[in-house]
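Listed here are the chains, written in short residue letters.
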Amino acid sequence: MRARWAGRWQRLDAALCLPLCVTVALMGAVCIEVLCLLLWAAEPTQLPLALHLPLLLFLLANVLGNMGLFLTTNPSIKGVMLSEGAVGQGWEYCYTCQSHVPPRCHHCYTCNVCMLRRDHHCVLLGQCVGYHNYRYFLCLLLHGWVALLYASLLNADIFMALLHEGVTLHSIVLLLMPWLMLLTGQVSTSTFIYAFMADTCVISFLFCSGFLLLHVLLSLRGQTTREWFGESRCYDLGWRRNLQEALGDRWHLVWLCPLLASPLPGNGVAFESRAPHTEPSAKPVII
């Protein structure tokens, strides 16, 4: 664990830290706003507070747990040593890492290392999405989507209050550009905060919905984002096997808790495909 964090601290810079800090700050602000809506709402919600709090704690624990494991799980080729002559057909040579890399492994110029089964670099979290941490990324998207939907529904009363006097230019500008209304003195600070957080919840929900839909589709098809753009489906083994390859043997239970053990069936180097003769048969030696 100490070596894992040491490797991350060595490459920390503003480009990696700033988006992560902004993401964590927005998450904290949304949590605080939701608590305020639940504890000091002018009108009680349909569900009692005793049911809201367990749901909120469950979502928060899963979001933070999956985020932490996503950030601390290394998806790169570091720690994977190939024995001499183990390079198979379809492998490429990375001149930056000065190493042969297996299929589906690509270099990330932000992380400055090749990633096993690289999908993309997540700018908001400052980490690459690869073979070993894809489960946590997908579960984070799912629970984040549910949490943002929950927050958006709680903020529905705010939208209704802002539109209570009708759809006017004032209400439209307040919903679309609350900063402008605050700077021009058209609204109070409290109104700005509620309008800004409501906008943040809805926009984040729509953003998360698109990413979740895309990655659920990719998981069912056994593809990475790069393979989706290249229209390659040679690793499609059927939706059940694809989910097992991405989420582990207990793919149907990993949504419940990020600490639930779900071993991946492969090693991130060799993948079963519909054309097995194009895949390498060698296995890596882990050190």
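Just above, that's the structure.
Remember, predicted model here, so these are calculated numbers, not experimental data.

Visitor: Where do I start with the packing of aromatic side chains in this structure?
Guide: How two aromatic rings sit relative to each other is given by the distance of their centres and the angle of their planes. Evaluated as defined, the whole model comprises 10 aromatic pairs. On the basis of an interplanar angle of 70 degrees and a centroid distance of 6.1 Å, the ring pair of Y235 and F271 is categorised as edge-to-face. With Y235 in the loop between α9 (225-229) and α10 (239-247) and F271 in the loop between α10 and β8 (285-286), this pair connects stretches of sequence that are 36 residues apart. Through a chain of ring-to-ring contacts, three or more aromatic side chains come together here, namely F70, Y134 and F137. Sitting over the face of the ring of F271, R104 holds its NZ or CZ atom 4.8 Å from the ring centroid.

Visitor: What's the story with the packing of helix α8 (residues 189-221) against α10 in this structure? I'm lost.
Guide: Helix-helix packing: each pair is described by the crossing angle between the helix axes and the interaxial distance. Between α8 and α10, the least distance of the axes is 6 Å, while the angle of their chain directions is 110 degrees. Viewed along their axes, α8 and α10 adopt a mutual orientation that is roughly perpendicular. For the pair formed by α8 and α10, the contact residues are S219, L220 and R221 on the first element and W239, N242 and L243 on the second. Of the residues in the contact of α8 with α10, the class split is 3 nonpolar, 2 polar and 1 charged.

Visitor: Would you mind going over α10 with me for this structure?
Guide: Since one α-helical turn is 3.6 residues long, residues separated by three or four positions face the same way. The complete set of buried residues in α10 reads N242, L243, A246 and L247. One face of α10 carries all of its buried residues, which in axial projection span an arc of 110 degrees. Check the buried side of α10 and you find it contacts α4 (134-154) and α8. After α10 finishes, the residue G248 shows a positive phi value of roughly 100 degrees.

Visitor: Looking at this structure, I do not really get unusual backbone geometry. What am I missing?
Guide: The phi torsion of most residues other than glycine is negative, and most of the peptide bonds are trans. Unusually for a residue other than glycine, R104 sits at a positive phi of about 75 degrees. Position of R104 among the secondary structure elements: in the loop between β3 (99-101) and β4 (106-108). Despite not being glycine, E231 has its phi angle at roughly 55 degrees, a positive value. Relative to the elements of secondary structure, E231 occurs in the loop between α9 and α10.

Visitor: It is not clear to me how empty space enclosed by the protein should be interpreted in this structure. Could you clarify?
Guide: Unoccupied space between atoms shows up once a probe the size of one water molecule is rolled over them. As enumerated under the stated definition, the model contains 1 cavity of 30 Å³ or more in all. Size it by volume and the largest cavity reaches roughly 130 Å³. Lining the largest cavity we find 13 residues, and of these R104, R117, G222, N242 and E245 sit closest to its centre. The element best represented in the lining of the largest cavity is α10, accounting for 3 residues. Among the residues forming the lining of the largest cavity, the class breakdown is 6 nonpolar, 3 polar and 4 charged.

Parameters and conventions
- Residue numbers restart at each chain and count upward from 1, following the sequence in its written direction.
- Side-chain atom pairs in this predicted model are given and counted only at pLDDT of 80 or more, local residue features only at pLDDT of at least 70, and totals for whole chains, interfaces and linings cover all residues.
- With hydrogens and water excluded, all non-hydrogen atoms of the structure serve as input to the side-chain values.
- Each aromatic pair joins two rings of Phe, Tyr and Trp (for Trp, the six-membered one) with centres within 6.5 Å, and gets the label stacked for planes under 30 degrees apart, edge-to-face for over 60, and tilted for any other angle.
- Numbering goes from the N terminus for both helices and strands, where a helix is a DSSP run of H or I of at least four residues and a strand is a run of E of at least two.
- Counted as over-ring charges are cases with an Arg CZ or a Lys NZ within 6 Å of the ring centre that also lie within 35 degrees of the ring normal.
- As a rule, the C-alpha atoms of each element are fitted with a line to give its axis, helices using only the stretch in contact, and angles between N-to-C directions run from 0 to 180 degrees.
- Should an angle fall under 35 degrees it is called roughly parallel, over 145 degrees roughly antiparallel, and 65 to 115 degrees roughly perpendicular, with every other angle called oblique.
- Whether two residues are in contact is decided by their heavy atoms, any of which lying within 4.5 Å being enough.
- Any residue outside Ala, Val, Leu, Ile, Met, Phe, Trp, Tyr, Cys, Pro, Asp, Glu, Lys and Arg is labelled polar, Gly included; the first ten of those are nonpolar and the last four are charged.
- Burial classes follow relative accessibility: with a 1.4 Å probe on protein chains only, a residue under 20% of its type's maximum area counts as buried, one over 50% as exposed, and anything between as partly exposed.
- Regarding the arc, it is the one traced by the directions from the helix axis to the C-beta atoms.
- Points on a 1 Å grid, built from protein atoms alone, make a cavity when a 1.4 Å probe fits but cannot get out and make a pocket when they are open with protein on both sides within 12 Å along at least 5 of 7 lines; residues with an atom within 4 Å of a point are the lining residues.
- Grid points are joined across faces, edges and corners, and a volume is the space filled by probe spheres set on the points.

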